[in-house]
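Spelled out from the first residue to the last, the chains are:
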Amino acid sequence: MADVAVELVLRSTRVITPEGTRAASVAVADGKITAVLAHDAEVPAGARLEDFGDDVLLPGLVDTHVHVNDPGRTEWEGFWTATRAAAAGGITTILDMPLNSLPPTTTVDHLRVKQEVARTKAHVDVGFWGGALPDNVKDLRPLHDAGVYGFKCFLSPSGVDEFPQLDQERLAASLAEITGFGGLMIVHAEDPHHLESAPQNPGPKYADFLASRPKDAENTAIQNLIDQARRLNARVHVLHLSSSDALPLIAAAKAEGVQITVESCPHFLTLTAEEVPDGATEFKCCPPIRESANQDILWDALADGTIDCIVSDHSPSTADLKTGDFATAWGGISSLQLGLPAIWTEARKRGRGLEDVVRWMSAAPAALAGLAQKGAIEVGRDADFAVLAPEETFTVDPAELHHRNQVTAYAGKTLHGVVKSTWLRGTQIADHGTPTEPKGLLLERQN
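Cut-offs and rules
Residues numbered from 1 in each chain as written. Predicted model: local features only at pLDDT ≥ 70, side-chain atom pairs only at ≥ 80, totals over all residues. Heavy atoms only, no water. Salt bridge = Lys/Arg side-chain N within 4 Å of Asp/Glu carboxyl O. Helix = DSSP H or I, 4+ residues; strand = E, 2+ residues; numbered from the N terminus. Buried < 20%, exposed > 50% of the residue type's maximum accessible area, 1.4 Å probe, protein only. Pairing = 2+ DSSP bridges. Right-handed = clockwise from strand over helix to strand, strands pointing away.

(A) Structural context of the pattern of salt bridges. What the rule picks out here adds up to 29 salt bridges. For the salt bridge of D125 with R425, the shortest nitrogen-to-oxygen distance reads 2.5 Å. Here D125, found in strand β8 (residues 125–128), pairs with R425, found in the loop between β16 (414–424) and β17 (427–431); they are 300 residues apart in sequence, far enough to count as distant. Of the charged contacts, one joins E346 and K349 as a salt bridge, the two residues approaching to 4.0 Å between their closest N and O atoms. You can see E346 and its partner K349 sitting in helix α11 (residues 339–349), three residues apart, about one turn around the helix. Residue E346 is classed as buried on the basis of its relative accessible area of 10%. With a relative accessible area of 63%, K349 lands in the exposed category. Through salt bridges with shared partners, a single ionic network connects K32, D125, K374, D382, D384 and R425.

Right, here's the structure in full:
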């Protein structure tokens, strides 16, 4: 290390690297990791040492599914609050979804508006997805060239009028265009016909809401997506999978060589339908939180690689939109700050290790988006880290969350894993849950 212009050394008895967990010293210069060496490696003159003892040093998490809602619905969230919450939770990179902001990210001009809003407010690095709408096929390549990481579409109503769904014909047209330039389509996969034919019983009963979003809606939409991806040789990604019944379809498609990846979310993996009280619409999301037996199968699919990654689908709203009627309440769960401890709490119960969590929540999302500089503690990557005390616990107090609206399905839950600090390109951006000043950059996809 003595012959390298090292500015910072981070040391821990437990450093999670792609090769496994070991005691190590991680050298940083100019925002990059320059060496991963022995725990007792000499610290060069002029370099600062941060020794975390037995706390775990892991790569900063990458969350590729965040609804920031800025501009236009900043009373729901915003780049300042969302990225502060991310930093406090050990996340160093987010990708912003194209909808719930006004305007949505469906043209290059709209992307530029969003980038200008985010530029001075980002506490973590921020990239952007584009949107695929029925009438914007002509805008997809320009958005790709402008640096978006891929394109989101809905196969059923999105919940906001300015972001309409794609039918199968328009899905095919958009997929063909995106495949032509090597892009990625990420898909909210629920079939509208199954949703329309499901029983609709408004009111406070969670069982009624669950019946209104049946597994078959997901299963059919995913099968149709697989068929389209196979025919066009398209790259597709299934967002927020909740139906375990779709997993055999996905596994078979992957084995066949269809270019499909899949994510699930902390709420599907840590919360169950059986525990949702009637009227507790803070638990409402689409697709819905399903039963514990379904959750067990999702965890098995994470273990065998059918599900690739875990991301938040942080979809906040103001408290007044979370009415006691599941039919009319906003569908979205706020978990940006809590995803790491929530998943770690459940993973440890199921015999999974922090190396698994890092793979699911850092390495795999980074690979999905092509963020080659993120997602691992290895030479040449950005010096992005989270420091976690995995044996410590805390009880979720909504008032302590940095989300703009402290509405959370995790209120009162005791979770394992306290994020002690978060580091972005070698600079500390959060200390014991308190973010520092904005240090994030706006990211663009690299060809």
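Back to the write-up after that little detour.
(B) Structural view of unusual backbone geometry. Omega for the bond connecting D70 with P71 falls within 30 degrees of zero, at 5 degrees, which places this linkage in the cis form. Geometrically, the link from C286 to P287 is a cis peptide bond, its omega value of -5 degrees lying close to zero. Looking at where P287 falls in the secondary structure, it is placed in the loop between α9 (266–270) and α10 (292–304). The backbone phi angle of D30 is positive, close to 55 degrees, even though this residue is not glycine. With respect to the secondary-structure elements, D30 resides in the loop between β2 (20–29) and β3 (32–37). Given a relative accessible area of 67%, D30 falls into the exposed group. Despite not being glycine, N100 shows a phi value in the positive range, around 80 degrees.

(C) Quick look at the pairing of strand β10 (residues 151–154). Both faces of β10 are covered, namely the face carrying F151 and C153 and the face carrying K152 and F154. Direction of pairing for strand β9 (residues 130–131) relative to β10: parallel, over a ladder of two bridges. By the bridge assignment, G130 is partnered in β10 with F151. Where the polypeptide runs from β9 across helix α3 (residues 137–145) and back to β10, its parallel neighbour, the crossover connection is right-handed. Pairing geometry for β10 and strand β11 (residues 184–188), over four bridges, is parallel.

Remember, this is a structural readout, not a statement about activity or role.
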